[in-house]
Structure formats: C-alpha cells, structure tokens
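Each chain, written out:
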Amino acid sequence: MNLKATSRKNAIHIMVAYTGGCNGCDIEIVNAVLSPRYDVEQYRVLLTWNPREADVLIVSGVVTWQMVEPLKKIYESIPEPKGVVAVGACAVNGNVYKNLVGDIGQNEEIWAPVETVIPVDVKVPGCAPRPEDVITGVVKALPKILEAP
Amino acid sequence: MDNLLFFPLLLIISSVVAAAVAILYSLVLPGIERKVQARIQQRIGPPILTPGFWSVLKFGYKRRIEPTAQIPGLYKSLVYFGVGIIVLIFLFSTPYWWAVLGWGSVLGIAGLLKLEEVLYVLMGSQSQSFLSAGMPVPDLAKGSKHVGIRREFVEQHSAERALKMMAIGSLPFYIALLVPFAMAKSGMISSVVAMQNPAYMLTSEWWSVPLPSNPVIFTLPGIIAALVYFVGYVMLLNEKPFSILKAKIDLIEGGVLEYASKLRAYYYLMRNMLMFALSSIFVTLFIGIPFDPFMPLMMLLNIALSLILPVMLATLVAFSPILTFRQIYPAAIGLSAFGILALVISLGV
Amino acid sequence: MASGEKRVEIEKELSFGPVHPALIEPYRIRLFVNDEIVEDCELNINMAYRGIEKLFDGLPVERALLIAERVCGICSHVHAWNAVRVIEGGLSIVVPPRANYIRVLTNEMQRITSHLILFGHAFEVVGHETFAMRSFLLRESFMDLISYVGGNRVMPSVPIIGGVRPRADLTESLKRVILERVDEFEEKYKGYVTRIIEDPLVMSRLTGIGFLTKEDAVRFYATGPTGRASGWDYDVRTKMDEYKPFEFNVITDESCDTKARIVVRALEIFESLKIIRQVVKSLPEGPVVNQSWKAEEMDFTTAYLEAYRGELMHSYALDSHGRIRNYKIRTPTPTNLAAMEHACVGDHVTEAILTIASCDPCLTCCTRAEVVDSGRSRILSDFEIVQKYGWRK
Amino acid sequence: MITFLRIMLQGAYKNMLRVLTRADRATSIAMRDKILTMSVPPLETVLDEMCIGCAGCYNVCPTHAITMVPLDKPVEIIEGYTKTQVPRIDLLRCIFCLNCHDFCPIYSVFGEAAPIHARDVGTPRMTLQEVLKKPIRAPPEKIEELRKLIPSSSFSLITNGGKSNES
Ligand code: SF4
Ligand code: SF4
Ligand code: SF4
Ligand code: SF4
Ligand code: SF4
Ligand code: SF4
Ligand code: SF4
Ligand code: SF4
C-alpha cells in the first residue's frame, strides 16, 4: 500500500450529523465515540465537528424538511475524498415515519432516506444499531476513501 | 565559532537539522498526549502516530477546497506565517542562533510569540464558516423581540476572546519567561545557559554530555516560575482549561474552522511545533540543556526532557473543564502575581 | 423572555446549530449578547419536526404504539408505556401486577441511563471529557440490563396493551443478574459522584449560574428535575397507582442553579436504584399480559407519567374500528423550554450553553408546530393547514 | 484547596497506574477483536428451529422486507405438517415495526418468545413440539382475521389444534 492510502487508513476523521431521528441512533453513535467500552479512537477514528476536517460523514435520522439544506451544505464542505455512512433505519429507509402511516398516506415532512439528499456509501441497519455496528459501518466506508486519487 | 567564514554555513546546517528534528518530533507529541489521556480515561486510545503524523499526512493528501473567508488569500497565508514564526522561535533557542543579531534573547522569543497570538485574532476575524450564522435554516421566528440584530460568526467571537487572552491570559507566561533571564541578569539565552551549565559552554567535543551544575528549576524562584510557565504554556497552546478562544462547545474550533486539506495540515504542524518549541525552550531556560544539533546526545536529552510539559499538559487536559473568563481573569492575575513574586526573589538573589 | 420590561440594547447575535458539538439533536440556539453576556435567548426547535402526531391518525392501535416508542430514543419506554396506559385507562383493561412491576423496572432502568446521558452531555459541555466518558461507561451496565430484558438497547418495546411482552418476563437468573449489577453499579457510581462534587474546578463552573427561582419554575411550568432543582416538589410518580407499592423519595434542591439541576439528577439515580431493588425482590407471580381486550370506540383519554425530564402527557381517542384519532403528546421539554431560555439570561455565553444543557434539552419529541417559509417565518393560516395536511376526522 | 490537593494525590497514584500499566481498562477486547476481523455478529432475526414456515410474517410485513426461503430438507414438525420454508429478513428494508413478531403464531397465540423478531427477543424456552401442544388462546374472530394472512396449509394446522384443545 502506498503512503497516501496508509495515511488515510491511519487517520479517519468522522463527523456526525443528526437530521431529526428519535435520538436513539445519535446516542448510540455518541456511545461508540465516548464510551470507553467501545472507544472508536483505538480504530484510528477521530471525532470532529468541523466538516472541513472530516473524511466520513455519519448521518442519522429521517432528514426533516429543515435539515435538507444544512445536510447538503455539510456534505459540500467536506473536502474530497469523502464517504457517507447512513446509520439507523431512519436514515436507511425512513423507518416507521415513512412506511407506517395511517390516513395520511404519505409523510411529507421528511425526506428519508438520506440517499435522496446526498449520496450514501454505507448503510447500517438497525433501530437503533448497536455501537459496534456503527463502528463497522465506518470501517466499511474506508475502501472508497483509500482508493480515491 | 571564531571562524567567520564557516559560521553562516554551520548556521544553515544546524537550522536545517534542528527544524527537521523538531518537525518530526512534534508529529509524535500529540499522539503521546492523546495516549496518556486515553489511558486515564480507561480506554485504549489511538496509536501514537495517528493524531500527529498520519493526520497531518492525510490532510496533505486531501483535495484542495477553497475556504470561506473574508479575504481568502490573507486567511490562507496566515497559516504559513504561523508555521514560519514558530520555526523561528524554535531556531532562536538553538545555540548557533544565540549570537545572531541578538535574536536569541528574551525579546526575540516574546516578540515572536506575541505575533503568533495575533494570528489567532486575524484568523478569527477572517474565517466565516457556515456552521453558525451562515447555516441555511429558517430560524427567524415570528414574534422574536430582536429584529435586525447583527449576526456574528462564531469565529469573530473567537477573535474577540483571542484579544482578551492576548491582553491578560498570556501575561503570566511572559513574566515566568523573564525569571531565568533575571537570574542571569542578562537578556540573552546564552548567558542563561552559561549560568546553569558552565561546562556546556566550555566543551567542544560533540559526543560529550555536559550536565548543568545549578539549574534554575531547583531554586525557589525557579520552581515557582516553572509552574507559572507551565500554566502559561497551556494558555498559549489554547488547551483546556484555557481553551476558551476555541471552546468546542460554543465556538467549535474558533478561527481555524475553515482550514481544510493542506492548510489544515500546516495548521496542525504549527500547533504541534508550538507545543514542542515551548517545551524545548523550557528545558533550555529552566534546566540548562539546550537543543544543540551538533551535540546529538545533548539534543536527545533535550528532546526527552521536552516530554515533561506535554505529558503534564495531557493530564491537566484530561482532568479539567474549560474555564470561562469568570475564572480566567482571577487565575491569570493570581498567576501573574506568583510570577512577579518569583521575579522579585530572583532579582534579590 | 425576562428582559421584556427593561429594553437593553443588544450588540449582536450568536447562533449555534442545528449541527454543533453542544447539541445532541438538531435545534438552534440564538443568543443575544452584549460583549459576552447573554441578554436574551431563543431556542428554535423546529428542525426535528417529523409530523409524528399525524402519523398516528388512522393506524390500528397496536401498530401505533410502536411509533409512540419512536418518539424518542432516550425515553422510549415512557412513551411506549404511556401510550398503552391511555387505552388501558380508557377501556378499563386490567394489567396484571407482575406486568406493572416490570414496566416500573424498565422505567427506572431507563431513567438511570437517561440521567447518565445528561451527565455525559453536561460534562462534554463543561469541557470535562473524562467525566463524560466515565458517565457513558457507567451507563453501559444499565444498557446491558435493558437489552437483557427487552432485547434491544435503545428500543426495548417492553409494554404492550394489557401487560408486557412475554419476552420481557423476568426469570430467576435475570433477577439475580439485575441485583448483582445494581450493587456493583451503586458502588462505582458513588465514587463517581463524590469525585465530581469534590472537584473544585468543575464545581466553580457549575455553581452560581443559570438561576431559575421557584416562582419562575412554577410560572413556566418547568417540570421534572428542572423544576425540582428549583425547590418545586412535583413528581407525577407520587400520584401513580403503579408506584404505590414502592418506597422512594422525591429529591428537591433549593439552590436553583445549574449545579442543583445536576445534583438533583445525581441523587435521583439512588432513588431509582432503590425502586429497582424493591421491584426485583417483591416481584409478584402471575401472568405478564392480559390479552382479553378488544379495541373499540373510546373517547379522548389522557394519561400522565413522570418521564425522565418531567411530566409527559399522551392522549388520543379510538374510532369504532379501533383506529387512533387525534393523538396528542405533550412531552416535558416544551414546558421546560421557556424556563431554559429564562435561566440562561445574564450569564457568559459558554455558561449559557451549559445552563441549557443542564435542563436536559431533548427536543425531538416536542417539535410539532412547524415554522414554514424559509427566510421570513409566518404562521400558517387554517386554509393552508388544511391544504397541506387535509381535514382531521 | 485542601480537597483539591487530596484529590490530586489520590488520583495521581491511580492514574499513574492507568497510564503506565493500563490498569482497569474498560475497553471491551472481545468487541475489538470482532470489529477488527469484521465479524460482528448480525442482529438475531429468525430462529430457524422454531419457525413453522407459515409465512404469516411474510404476508404482514409492510415494507416487503421478508422473503421466504425454501429449505433444502423439509422438516416434518408434527404429523401431517411439514415445514418447507423459513423467512429471511432484509435488514436494509426492515423498519423494525415488529409486525412480523406480533403476527407470528408462535408468539401471538401461545405467548412464548417469538422465533422471528427484527431485534432479539431471546431464545424460546420450549421446543416447537411442546409449543404446538399447548392450547390456543386467540379469540375466534382474530383467528378469522388472520386466516386471510397466512397460507391455508399452515392455517389448517392451527385451527385443528385450536379446536381440539378448546373443546
Ligand atoms: S433508526 Fe430508530 S433509533 Fe435510530 S433514529 Fe430512527 S427511530 Fe431512532
Ligand atoms: S424529552 Fe422528548 S426527546 Fe427528550 S427524552 Fe423525553 S421524549 Fe425524548
Ligand atoms: S396543533 Fe396539536 S395536534 Fe396539531 S400538530 Fe400541533 S400539537 Fe399536533
Ligand atoms: S405549541 Fe406551544 S410551545 Fe409549541 S410552538 Fe405552539 S406555543 Fe410554542
Ligand atoms: S410467521 Fe413465524 S412461524 Fe410463520 S414463517 Fe414467519 S417466523 Fe416462521
Ligand atoms: S419488523 Fe421488519 S421484517 Fe418485521 S414486519 Fe416490520 S418491517 Fe417487516
Ligand atoms: S392465527 Fe394465523 S396469523 Fe394468527 S397468529 Fe396464528 S398463524 Fe399467525
Ligand atoms: S391481536 Fe391477534 S394478531 Fe395481534 S398479536 Fe394478538 S393474536 Fe396476534
């Protein structure tokens, strides 16, 4: 492996964007980062809150109407190469908010899945996914970043 | 050094060696810092090279992206200035530069550091990340009592805080910096080292390790000043508890928010170098072991001792919250008082 | 909110969010500051609007209860529980006592995890990473227990109409595990809390900021620990039949500041541990679910419950097919919002954010009224609402 | 100040140990190994031994996340009834609504731990044969309603069992 890929593999900055899920996924992601039991840093993954620094964007939630623009903007601000991980059933397919509606027929308040707003590379199913699933998801996003020019 | 012909050549060689060693070493330091914190937090933590070396390298390989700033050109150049300033600060503390134009003096170091602090103010006022005021959300609620108020970017707020820190926060550091010079009754680094380590000034064998006979740190004013120096070190590095100018929870990262790819690599380089440079200067001034590229063993000793401050810093960061100005003002005043006390004692000695 | 009478000149506005390290979910804080002092604060919470109450309309009641759990991933159990309590109250469905005990058990376990999230979050905001991490580490033992009981860490879906899922029944070995873990946790947790309270640096950050007097707490209806930290002795649990068999204290604090809000929660965890022990030790035998009920027409019924952040209300009616009509949820945070906005006035910017965090804002649940139109906001006319959402039956 | 010093001294020893010897490290090494070898076990979904292959879950899933996979070797559960297929859940389409769980006969009728659940509901405490011998407690209208949902082959199994037990 060349130096470029090695350096990318050895330092992955993740950024988290919550786009209006129920909090469950958010907390599990935070758990993966902050709980010493999971500790993402040991996998060379570092948390950042600045899109300019990020490599992998983790998106959770259904992308509510008002979060569409911020989400696009965040995605644009991340310098190439970048990857997106959609975490949770909400981000993957809209969860119950999209697929289990009564009289309304269609829920127009949400834009789920995340794919409809920004390109998604890895999908992590689960409601909520376990922290180890989240970490595995980030690792799965790597090949795309490593191979990028 | 009596040969004037060789002097510029040796100066250049020594500078290149010193800068190269410093850059490489400073890329390892953040990893050690993070590892210590991680161990304290009962976790494994990143591999030592990840936060420093690999991160910087990776940012170097990222695609260029234009920062959002008032004057992008200026904003981008600030980080180069930063790296330059810190390399100079460091070089001035190495022996070959002591003789040049009087730069290797307290004035040279303090002046350049002040310049470095100004950079943060400039960065803050330039950067305009969308993360605060520019976020594309409809957030102006009807019925709001406040209409038409200037919306400020967090970076601008950071610049204001940086100004305040410049005015008072870093004061203790400069006072502590003065103490060894006061004890040597001279403004030059060479005399400070000569006072502590006369053997070093006399030897000319490259392999010898002349140990200091009476280091400043073992005197009463010395130890007080060393403690104040440490706290000032934390303040200058903008680390917790004095990271108010880039407090993550309100300002995210402050003025450096918009640096991306290569520029961010330089920013990290600048910060890491500062961490090492100030630490190495501490060893030179307070223990009397200079970073001498032509005496490898001496240099290694300096490097090893330079770990003290970063490790102390890591422990402090792990155990302290961010202080606000409510606590910083009294802390800075109290520390300055200690510094002045040390200064008075040292002048009396 | 407070500065309504005295007009202050405001120099500038700082706004944070909806993606920001201090927020665990999308909302926006607008702080109006002079120099560094907050003169007024506005919280805009509509970024998480999912239209959740509308989703319920027309769903069969069993289905709907699974959405109710998704209102929130922090207090999923209270929502699931309160949703079934509405129909159980309205149609007088008898719940076996063993089921009630298990519901209380899950509730208290999740209360502990929720309070520990607050510590984690608050200490992140204070800037103390180590304490935040320790809090998340302590939390893990209860996340494990919840997943042993419910099969999932976040959404255990324990309650169903008439009882709890058979899966959530406590076996003897599980009971033993719970008791062991509780003892183990209590010891570690005690050390953790003492360490925090003794830390002078952290305490200097927490004390003396974010005052919310008792009058204000009552005026804004700041429920839950936020109100109790201002000396308002109000806890729905004391009035609930489900909690009758258990002995516990309501923790209040008179000091009304940010520290009080943290301390009240810290002490509440000990009360929760007490309840958990009582549940496990005196768990009655018998079935865990009563399935002899039938969904039929039901008038509006309301149920109240003490969620981890305060009083929670669920209310709905059923039509003749057993479908849900006009679901309404009032979660604790909306009533706490005004209190938060009030409490952070007069503090330094960094401290104002801490004050907001100490009220445990958690807003995904409460965003229902939506601000439409980007740029300039306005309130929808009835006609527009009908156009957008259709008529309510 | 005194407390401050005490904390510092107490903590210094403990943390020195932590830094130097990794004392009381909390990171789960088992999990680390699983993640590093990319072998995190997937969510538990279908318990193949318990399922009777009635396809109730398949019919009820709102997002069509379930497919019925034919078994290599059909299993005869009780006399006259052979299980030929088991469901598989595509987790990327699943919305964790638990419809499948609530409609699965093994759960809803007998009140035992269910064989299918988008999350883990735990292992059943009885074997399938035992379960099938237990009396059915579902009201007749419900059974009628559910008759529409599942294939007639498996339905016959349940009504037969129910009638014989209820009388
Ligand atoms: S996937 Fe589930 S846990 Fe995650 S945000 Fe959506 S509803 Fe919440
Ligand atoms: S207040 Fe709302 S968002 Fe917060 S935990 Fe409760 S239901 Fe969830
Ligand atoms: S008016 Fe009531 S029912 Fe309608 S959206 Fe608002 S909170 Fe929900
Ligand atoms: S329902 Fe109440 S809290 Fe919500 S927007 Fe309307 S007035 Fe505000
Ligand atoms: S409903 Fe249950 S028994 Fe029937 S196929 Fe699905 S899992 Fe198997
Ligand atoms: S939980 Fe998943 S598989 Fe089961 S019915 Fe719902 S969507 Fe289908
Ligand atoms: S009656 Fe049919 S649908 Fe209902 S639980 Fe039994 S097998 Fe499933
Ligand atoms: S009501 Fe009917 S379909 Fe629903 S769980 Fe009970 S037996 Fe199954």
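The sections below set out a description of the structure shown in this document. (Residues numbered from 1 in each chain as written. Chains lettered and ligands numbered in written order. Predicted model: local features only at pLDDT ≥ 70, side-chain atom pairs only at ≥ 80, totals over all residues. Heavy atoms only, no water.)

Glancing now at the overall build of chain D. Regarding its fold elements, chain D presents eight helices and two strands. Beginning at the N terminus, the succession of helices and strands in chain D can be written as α-α-α-β-β-α-α-α-α-α. Burial analysis of chain D (167 residues in total) assigns 43% to the buried set. Taking as baseline every contact in chain D between residues at least 6 positions apart, the subset at least 24 positions apart corresponds to 61%. Within the structure as shown, chain D displays about 9,300 Å² of accessible surface, and the carbon and sulfur contribution to it stands at 59%. (Helix = DSSP H or I, 4+ residues; strand = E, 2+ residues; numbered from the N terminus. Buried < 20%, exposed > 50% of the residue type's maximum accessible area, 1.4 Å probe, protein only. Contact = heavy atoms within 4.5 Å. Areas by Shrake-Rupley, 256 points an atom, 1.4 Å probe, with all protein chains shown as cover.)

We now examine the overall build of chain C. What chain C contains, in helices and strands, is 13 helices and eight strands. At 21 Å, chain C has a C-alpha radius of gyration in line with the 21 Å of a compact globule built from 393 residues. Expressed as lengths along the three principal axes of its C-alpha atoms, the size of chain C is roughly 65 × 60 × 35 Å. Taken across its 393 residues, chain C has 72% of its residues classed as buried. Total accessible area on chain C is roughly 12,400 Å²; 53% of this is exposed by carbon and sulfur atoms. Measuring between centres, the 49 positive side-chain charges of chain C sit 5 Å from its 56 negative side-chain charges. (Rg over C-alpha atoms; globule rule 2.2 N^0.38 Å. Lys, Arg positive; Asp, Glu negative; His and termini not counted. Charge placed at Lys NZ, Arg CZ, Asp CG, Glu CD.)

We now examine the site of ligand 6. Taken together, 13 residues lie around ligand 6, and Cys61, Cys94, Cys97, Leu98 and Cys100 of chain D are the ones closest in. Each residue belonging to the shell around ligand 6 can be placed in one class, and the counts come to 11 nonpolar, two polar and no charged. (Near = heavy atom within 4 Å. Nonpolar A, V, L, I, M, F, W, Y, C, P; charged D, E, K, R; others polar.)

The next point concerns the pattern of salt bridges. Residue and element names in this part refer to chain C. In total, this model carries 51 salt bridges over all chains according to the counting rule given. Linking glutamate 42 and arginine 30 is a salt bridge whose minimum nitrogen-to-oxygen distance equals 3.0 Å. Residue glutamate 42 is located in strand β3 (residues 37-44), and its partner arginine 30 is located in strand β2 (residues 28-34); the two are separated by 12 residues in the primary sequence. Neither residue differs from the other here; glutamate 42 and arginine 30 are each classed as buried. Shared partners join several salt bridges into a network, and the residues in it are Glu108, Arg111, Arg228, Asp235, Arg237, Glu268 and Glu306. (Salt bridge = Lys/Arg side-chain N within 4 Å of Asp/Glu carboxyl O.)

All right, on to the sheet that holds strand β1 (residues 12-16) of chain C then. Judged by pairing direction, the sheet is mixed, and its four strands sit side by side in the order β1(B)-β1(C)-β2(C)-β3(C) without closing on themselves. Looking along the sheet, the strands with just one partner apiece sit at the ends: β1 (151-152) of chain B together with β3 of chain C. In the packing of helix α5 (residues 154-169) of chain B onto the sheet, contacts are made with β1 of chain B together with β1 of chain C, and the angle to β1 of chain C comes to roughly 115°. The strands touched by helix α12 (residues 349-358) of chain C are β1, β2 and β3 of chain C; relative to β2 of chain C, the strand with the most contacts, the crossing angle is about 145°. (Pairing = 2+ DSSP bridges. Axes fitted to C-alpha atoms, helices over the stretch in contact; angles between N-to-C directions.)

Moving on: the sheet that holds strand β7 (residues 310-318) of chain C. All names here are of chain C. Pairing in this open sheet of three strands is antiparallel, and the strands run β6-β7-β8 from one edge to the other. Every interior strand has two partners, whereas the edge strands, β6 (298-307) and β8 (324-330), have only one. In this sheet, neighbouring strand axes are inclined to one another by 10° on average, regardless of whether the strands run parallel or antiparallel. Pairing between β7 and β8: five bridges, direction antiparallel. Directly across from serine 315, in β8, lies its bridge partner lysine 328.

Facing the 56 residues of chain C at the interface are 45 residues of chain B. Linking chain C with chain B are seven salt bridges. Residues glutamate 152 of chain B and lysine 12 of chain C are paired through a salt bridge, measuring 3.2 Å at the closest nitrogen-oxygen approach. Taken together, the links from chain C to chain B amount to 21 residue pairs in polar contact (both at pLDDT 80 or more). (Polar contact = N/O pair within 3.5 Å; in protein donor to acceptor, adjacent residues only side chain to side chain.)

Tracing the sequence through the fold places serine 346 of chain B in helix α14 (residues 325-348). Sequence-distant contacts of serine 346 of chain B, defined by excluding residues within four places in its chain, comprise Val179, Ala182, Met183, Lys185 and Pro221 of chain B.

Residue and element names in this part refer to chain A. Here strand β1 (residues 12-18) runs beside strand β2 (residues 45-48); their pairing, made up of four bridges, is parallel. When the bridges of β2 are listed, isoleucine 12 appears paired with valine 45. Each parallel crossover has a hand, and the one from β1 via helix α2 (residues 24-34) to β2 is right-handed. (Right-handed = clockwise from strand over helix to strand, strands pointing away.)

Once that is clear, we can look at the interface of chain A and chain D. Counting from both sides, the interface comprises 24 residues of chain A and, opposite them, 22 residues of chain D. Where chain A abuts chain D, roughly 1,900 Å² becomes buried across the two surfaces, and 68% of that area is made up of carbon and sulfur atoms. Across the chain A-chain D interface, the total number found is zero salt bridges. Along the contact surface separating chain A from chain D lie five residue pairs in polar contact (both at pLDDT 80 or more). Elements supplying a minimum of two residues to the side of chain A that touches chain D: α4 (88-93), α5 (95-99) and α6 (131-140) of chain A. Among the elements that line the side of chain A that touches chain D, the one with the most residues is α6 of chain A, at six residues. The residue makeup of the side of chain A that touches chain D, split by class, is 11 nonpolar, six polar and seven charged. (Buried area = accessible area lost by both parts, 1.4 Å probe.)

With respect to spatial proximity, the complete set of residues near ligand 5 consists of Cys51, Ile52, Gly53, Cys54, Ala55, Gly56, Cys57, Met68, Pro87, Cys104, Pro105 and Ile116 of chain D. Class assignment of the residues belonging to the shell around ligand 5 gives a composition of 10 nonpolar, two polar and no charged.

Residue and element names in this part refer to chain C. With respect to the element layout, serine 230 can be found in the loop between α9 (224-228) and α10 (258-281). The class of serine 230 is buried, set by a relative accessible area of 1%. Within the local environment of serine 230, its side chain forms a polar contact with the backbone oxygen of leucine 212, the two atoms lying 2.7 Å apart. With near-sequence residues (within four places) excluded, serine 230 lies in contact with Leu212, Thr213, Lys214, Ala217, Asp253 and Cys256.

To continue, consider the packing of helix α4 (residues 106-126) of chain B against helix α6 (residues 171-184) of chain B. Residue and element names in this part refer to chain B. Put simply, α4 and α6 touch, their axes get as near as 11 Å, and they point 170° apart. Here α4 is positioned roughly antiparallel relative to α6, judged by the angle of their axes. For the pair α4 and α6, the sense of crossing is right-handed. The residues of α6 that touch α4, namely those facing Val106, Ile109, Ala110, Leu113, Lys114 and Glu117, are Phe173, Tyr174, Leu177, Leu178 and Phe181. Counted by class, the contact of α4 with α6 contains nine nonpolar, no polar and two charged residues. (Parallel < 35°, antiparallel > 145°, perpendicular 65-115°, else oblique. Left-handed = near helix turned anticlockwise from the far one by under 90°.)

The subject of this paragraph is the packing of helix α4 (residues 97-126) of chain C against α12 of chain C. Residues and elements named next belong to chain C. Between α4 and α12, the least distance of the axes is 9 Å, while the angle of their chain directions is 180°. With respect to α12, the element α4 is oriented roughly antiparallel. Judged by residue contacts, Leu118, His121, Ala122, Val125 and Val126 of α4 engage Ile353, Leu354, Ala357 and Ser358 from α12. Partitioned by chemical class, the residues of the contact of α4 with α12 number seven nonpolar, two polar and no charged.

Attention shifts here to the nonpolar core. Membership of the largest hydrophobic core comes to 227 residues, with the highest contact counts inside it found for Leu57 of chain A together with Leu31, Phe119, Tyr189 and Tyr316 of chain C. Ranked by residue count, the leading element in this core is α4 of chain C, at 15 residues. Formed by 106 residues, the second largest nonpolar core is a distinct cluster that contains Ile85, Val193, Val231 and Ile328 of chain B. (Core = buried A, V, L, I, M, F, W, Y, C linked by side-chain atoms within 4.5 Å.)

For the rest of this paragraph, the subject is the packing of aromatic side chains. Here the structure, examined in full by the defined rule, presents 30 aromatic pairs over all chains. Relative to phenylalanine 282 of chain B, the ring of tyrosine 229 of chain B has its centre 5.2 Å away and its plane inclined at 40°; by these criteria the two rings are tilted. Separated by 53 residues along the polypeptide, tyrosine 229 of chain B in helix α9 (residues 220-236) and phenylalanine 282 of chain B in helix α11 (residues 261-287) bring together distant segments of the chain. For the pair tyrosine 229 of chain B and phenylalanine 282 of chain B, one class covers both residues: buried. Pairing tyrosine 267 of chain B with tyrosine 268 of chain B gives two aromatic rings, centres 5.5 Å apart and planes at 50°, and the pair type is tilted. When its relative accessible area of 16% is taken as the criterion, tyrosine 268 of chain B is described as buried. Put simply, the rings of Phe123, Phe131, Phe142, Phe185, Tyr189, Tyr192 and Phe270 of chain C touch in pairs and so form one group of aromatic residues. Residue placement shows lysine 82 of chain A over the ring face of tyrosine 75 of chain A; its charged tip is 4.2 Å from the ring centre. We note arginine 219 of chain C situated over the ring of phenylalanine 220 of chain C; from NZ or CZ to the ring centre the distance is 4.6 Å. (Phe/Tyr/Trp six-rings, centres within 6.5 Å; stacked < 30°, edge-to-face > 60°. Lys NZ or Arg CZ within 6 Å of the ring centre and 35° of its normal.)

With that settled, consider α10 of chain C. Here α10 of chain C is 24 residues long and its end C-alpha atoms lie 36 Å apart, about the 34 Å a rise of 1.5 Å per residue gives. Along α10 of chain C, 19 of the 24 residues are buried, which leaves the element largely enclosed by surrounding structure. (Expected span 1.5 Å × (residues − 1).)

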